[in-house]
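Each chain is listed here by its residues.
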Amino acid sequence: MAASPEPSPRTAPAPAATGSAGSDRLPRNFVIELGRRVRVFDRGRTLVGGAPPRVAHLSDKARSLLRGRRLRVDGAAAEQLADRLLGMGLADPVLAELPPVDLSEVTVVVPVRDRPCELDRLLHALRGKVHAIVVDDESADPEAVARVAARHNAELVPLPRNLGPAGARNAGLARVRTPYVAFVDSDVVADPEALALLLRHFHDPRVAAVAPRVLGLDETATANWISRYEAARSSLDLGPIPAPVHPRSLVGWVPSACLVGRVDALGDGYAEGMRVGEDVDLVWRLVERGHRVRYEPAATVRHDHRTRLSAWFARKAFYGSGAHDLARRHGPAVAPAALAPWSFAVLGMLLAQRRWSLPLSAAVLAVVSARLARKVPRSESPQRLAAALTGLGLAGAIGQGSGLLLRHWWPLSLAGCLFSRRVRRAVLLAAIADGLVEYGKLAPDLDPVRFMVARRLDDLAYGAGLWAGAIKGRSIRCLLPDLRPGTRRPGEGR
């Protein structure tokens, strides 16, 4: 588990819930820092970053409020700038500068169906420092679950019939009497220090939920090639960089394996009719209502990953099958790619692999860069800024195009490979490039060949579930890219 930052001398009371007069403002001494991927131009006057990439021009007064890459809220102007940078995804809270929140302010809700050993492991890790509610979702051996809950002085809520994870979490949420709730699955190991670190985010009154980084259990002695791949590239591990969570962010969703929420903001909680994707649905509904959701990798929990090939493959496919229901509820937010028309056109030209592909693509990029330069006249070097923005757009488009070929549209890629040498060449190049880039970035404890095989099996499984869900639901909406120019995330103002 990640260690929490050095605590402040005093423990802060629970931050105010949103909705009360003045409670939507950041508190005094709230500290933010420009994100790791934010680039600074024009001697600090222009910031470029976020996802999708965006530009912020700072006035001289706003620039003077920054100390290096940090900003401390010490007045109305600093509060407005900090709030704006957080909302644009250009900055993150500095948790070490924020006071802790007492663990008595949070209740842990654990949905469980059987798994008494895993439940015992989780409750033991909490060490009795956090009140826990165990919701038994119609276990085959309810007495075993009850004995574990009693051993750790946890409150037990037995359900008369199986409701699924969403319904079980909601049943626990209805019993919560604290300002915050931590949903933790029984196959997760979370310690109080990780929960305490996450709670600091709620000093921002617009934050409704925050999730930690989910790593695998340390099982070196029994590790196989699947477990080694999962240790580096689990579907639940969203990486080492903090981020806002919304459909077009670098972190578009967070799992309910561990999710801490503000009870007043959660409303009725999860959609009980959903057996998969209910965590994505909850987060996106919070964002649509104007709340913030954060991903905080400084806090880590451990998950008992599936390591048998058949169970692992089936789980990946299960994740993919939820996209149809999400598309029905959230429309283009679930699109497998979000591309500007020009970037989609460039991808098509490159995929064509003709003599004119590179020259024509270069011409389109030049036109796009020139148009962008005219839109950023406040920059000291609009051409340089526009070139950087165009490069970011092109890199993102190539990454998403590779994902379409290898993951979301692989049945179409397979069909194309049967008839077209150009498609075979494109798929092979994408597969090799993707595998090498990911291998170099993650440095897994696995040789490159088996890593790339697991990576492709991961894509095949998810894509199979995605297409199965679309066919079962009789809709291809979850397969269609979003090509609307200037698409904004739900709930985002101008």
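On a predicted model such as this, the values are computed, not experimentally measured, just so you know.

What counts and how
Residues numbered from 1 in each chain as written. Predicted model: local features only at pLDDT ≥ 70, side-chain atom pairs only at ≥ 80, totals over all residues. Heavy atoms only, no water. Helix = DSSP H or I, 4+ residues; strand = E, 2+ residues; numbered from the N terminus. Expected span 1.5 Å × (residues − 1). Salt bridge = Lys/Arg side-chain N within 4 Å of Asp/Glu carboxyl O. Buried < 20%, exposed > 50% of the residue type's maximum accessible area, 1.4 Å probe, protein only. Pairing = 2+ DSSP bridges. Contact = heavy atoms within 4.5 Å. Axes fitted to C-alpha atoms, helices over the stretch in contact; angles between N-to-C directions. Polar contact = N/O pair within 3.5 Å; in protein donor to acceptor, adjacent residues only side chain to side chain. Parallel < 35°, antiparallel > 145°, perpendicular 65-115°, else oblique. Left-handed = near helix turned anticlockwise from the far one by under 90°. Nonpolar A, V, L, I, M, F, W, Y, C, P; charged D, E, K, R; others polar. Core = buried A, V, L, I, M, F, W, Y, C linked by side-chain atoms within 4.5 Å. Patch = residues over 30% accessible without salt bridge, like charges linked within 9 Å, V, L, I, M, F, W, Y side chains within 5 Å. Areas by Shrake-Rupley, 256 points an atom, 1.4 Å probe, with all protein chains shown as cover.

1. A short note on helix H17 (residues 448-473)
Then step 1. Given a rise of 1.5 Å per residue, 26 residues ought to cover 38 Å, and the 37 Å separating the end C-alpha atoms of H17 matches this to within 8%.
Then step 2. Immediately downstream of H17, the backbone of Arg-474 shows phi near 55 degrees, a positive value.

2. Here's the deal with the pattern of salt bridges
Then step 1. According to the stated counting rule, one finds 33 salt bridges in the structure shown.
Then step 2. Note that Arg-121 and Asp-304 form a salt bridge whose closest N and O atoms lie 3.7 Å from each other. Of the two residues, Arg-121 sits in helix H3 (residues 116-126) while Asp-304 sits in the loop between strand E15 (292-303) and helix H10 (309-321), which places them 183 residues apart along the sequence.
Then step 3. Arg-121 sits in the partly exposed class, given a relative accessible area of 28%.
Then step 4. In this structure, Glu-155 engages Arg-175 in a salt bridge whose closest nitrogen and oxygen atoms are separated by 3.2 Å. Taken together, the positions of Glu-155 in strand E9 (residues 155-158) and Arg-175 in the loop between helix H5 (164-173) and strand E10 (180-184) put the pair 20 residues apart, joining distant regions of the chain.
Then step 5. Judged by relative accessible area, which is 25%, Glu-155 ranks as partly exposed.
Then step 6. Overlapping salt bridges bring together Glu-230, Lys-316, Arg-407, Asp-434, Arg-455, Arg-456, Asp-458 and Asp-459 as one network.

3. Looking at the pairing of strand E1 (residues 31-34)
The two faces of the sheet receive side chains in turn, since in a regular strand these alternate between them.
Then step 1. Across three bridges, the pairing between E1 and strand E5 (residues 70-72) is antiparallel. Bridge assignment links Glu-33 to a residue of E5, and that residue is Arg-70.

4. Structural notes on the environment of Ala-461
Then step 1. Here Ala-461 lies in helix H17.
Then step 2. Spatially, the C-alpha atoms of Ala-461 and Leu-442 are 21 Å apart, while their sequence positions differ by 19 residues.
Then step 3. Excluding its chain neighbours within four sequence positions, the residues that come into contact with Ala-461 are Phe-313, Lys-316 and Ala-317.

5. Details of the sheet that holds E5
Then step 1. Taking strand neighbours across the sheet as the criterion, the three strands line up as E5-E1-E6 in an open arrangement whose pairing is antiparallel. Either end of the sheet is taken by a strand with one partner, and the two such strands are E5 and strand E6 (91-93). Along the sheet, successive strands turn relative to each other by an average axial angle of 25 degrees, direction set aside.

6. Quick notes on the environment of Arg-206
Then step 1. Summarising the element assignment, Arg-206 is placed in the loop between helix H6 (192-199) and strand E12 (207-216).
Then step 2. As for Arg-206 and Gly-290, which are separated by 84 residues in sequence, their C-alpha atoms are 8.0 Å apart.
Then step 3. Within the structure, Arg-206 has its side chain in polar contact with the backbone oxygen of Gly-290 (distance 3.3 Å).

7. Structural notes on the packing of helix H13 (residues 357-375) against helix H14 (residues 382-408)
Then step 1. Remark: H13 packs on H14, axes separated minimally by 8 Å, with the N-to-C direction vectors making an angle of 130 degrees. In terms of axis orientation, H13 runs oblique to H14. The hand of the H13/H14 crossing is right-handed. Facing Leu-365, Val-368, Ser-369, Leu-372 and Ala-373 of H13, the residues of H14 in contact are Pro-382, Gln-383, Ala-386, Ala-387, Leu-389, Thr-390 and Leu-394.
Then step 2. Of the residues belonging to the contact of H13 with H14, the class tally is nine nonpolar, three polar and no charged.

8. Concerning the nonpolar core
Then step 1. If you look at the biggest cluster of nonpolar residues, it comprises 60 residues, and the most contacted ones within it are Val-108 and Leu-195.
Then step 2. Looking at which element gives the most residues to this core, the answer is H6, with six residues.
Then step 3. The residues touching Val-108, leaving out its near neighbours within four places in the chain, are Leu-126, Val-130, His-131, Ala-132, Ile-133, Ala-182, Val-184 and Leu-195.
Then step 4. Listed in part, the 45 residues of the second largest apolar core include Val-135, Val-176, Val-245 and Tyr-295.

9. Considering a nonpolar patch on the surface
Then step 1. Taken together, the side chains of Leu-350, Leu-358 and Ile-398 make up a nonpolar region of the molecular surface, amounting to roughly 270 Å² of accessible area.
Then step 2. Take Leu-350: it is sitting in helix H12 (residues 341-352).
Then step 3. Judged by relative accessible area, Leu-350 falls into the partly exposed class, the value being 31%.

10. What about the packing of helix H9 (residues 278-288) against helix H11 (residues 323-330)?
Then step 1. It is at 11 Å that the axes of H9 and H11 come closest, and there the two elements cross at 20 degrees. Our classification of the angle between H9 and H11 gives roughly parallel. Like other packed secondary-structure pairs, H9 and H11 cross with a definite hand, here right-handed. Of the residues in H11, those touching H9 at Val-280, Asp-281, Trp-284, Arg-285 and Glu-288 are Leu-326, Arg-329 and His-330.
Then step 2. Considering only residue class, the contact of H9 with H11 consists of three nonpolar, one polar and four charged.

11. Here we look at the sheet that holds strand E4 (residues 54-57)
Then step 1. Judged by pairing direction, the sheet is antiparallel, and its three strands sit side by side in the order E2-E3-E4 without closing on themselves. The open sheet has two edge strands with one neighbour each: strand E2 (39-41) and E4. Neighbour-to-neighbour, the strand axes of this sheet turn through a mean angle of 25 degrees, independent of strand direction.
Then step 2. Sheet analysis places strand E3 (residues 46-49) next to E4, joined by four bridges and oriented antiparallel. Bridged to Leu-47 within E4 is Ala-56.

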